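Okay, here's what each chain looks like letter by letter:
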Amino acid sequence: MPEVPKKLAGIYTLNLEHQLPTVDQAIEKFDRTLEELSDTAMRVVKVIHGYGSGGKGGRIKEAVRQELIYQRRSHLIDSFYAGEDLVPGKETYQELMKRHPTLKSILTKDIFGNAGITLIVLKR
């Protein structure tokens, strides 16, 4: 991972699909990156995990989401949102905007409705 400046604001993109890793390699990279980002001012991570070639859910996506559901990184993560649920007007999107109103200005259109990503808000 490239060094992240301590004062950086915005969204950090973590691509877990790059170089077609195994699920274990992807989760290892996921863990390492979250730990490294916890020492920075970065608060939002866009995790690109893909959605599977059949469109029904890839193994990396499922592994990342299971890790998040079971709160194995609760010391680092404030909240997380499935990309397919982040559609303006949808309840999940409204919850995100209510909890983190400053994110509205930095969310990119590729996030909205995208089942191949998960948005993570880190703890301060």
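Please read all numbers here as calculations on a predicted model, not as lab measurements.

**Student:** Can you walk me through unusual backbone geometry in this structure?
**Tutor:** Peptide bonds are, in most cases, trans, and in most cases residues other than glycine have a negative phi. At Q19, a residue that is not glycine, the phi angle is positive and equals roughly 65°. The topology assignment puts Q19 in the loop between strand 1 (11–15) and helix 1 (23–37). Since its relative accessible area comes to 70%, Q19 is described here as exposed.

**Student:** I'm lost on the sheet that holds strand 3 (residues 77–82) in this one. Help?
**Tutor:** Strands in a sheet are paired, the pairing made by backbone hydrogen bonds, and the direction either parallel or antiparallel. Taken in spatial order, the 4 strands of this open sheet run 1-2-4-3, and their pairing is mixed. Either end of the sheet is taken by a strand with one partner, and the two such strands are strand 1 and strand 3. Going across the sheet, the axis of each strand differs from the next one's by a mean of 20°, ignoring polarity. Where strand 1 and strand 2 (residues 44–48) come together, 5 bridges link them in parallel fashion. Pairing of I11 across the sheet is with V44, part of strand 2. Along the sheet face, helix 3 (residues 91–99) touches strand 3 and strand 4 (117–122) and points at about 150° away from the line of strand 3.

Conventions and cut-offs
Numbers given for residues are sequential positions, taken from 1 along each chain in its written order. Since the coordinates come from a predicted model, pLDDT governs what is reported: local features require at least 70, and pairs of side-chain atoms require 80 or more to be given and counted, while whole-chain, interface and lining totals use all residues. Calculation of side-chain values draws on the structure's entire complement of heavy atoms; hydrogens and water are dropped beforehand. By the criteria applied, helices consist of DSSP H or I runs no shorter than four residues and strands consist of E runs no shorter than two, each listed in order from the N terminus. Burial classes follow relative accessibility: with a 1.4 Å probe on protein chains only, a residue under 20% of its type's maximum area counts as buried, one over 50% as exposed, and anything between as partly exposed. Between any two strands, pairing holds if DSSP finds at least two bridges. For helices, the fitted axis covers only the stretch in contact; all axes are lines through C-alpha atoms, and the angles between them, taken along N-to-C directions, range from 0 to 180 degrees. In what follows, residue pairs with any heavy atoms lying within 4.5 Å of each other are defined as contacts.

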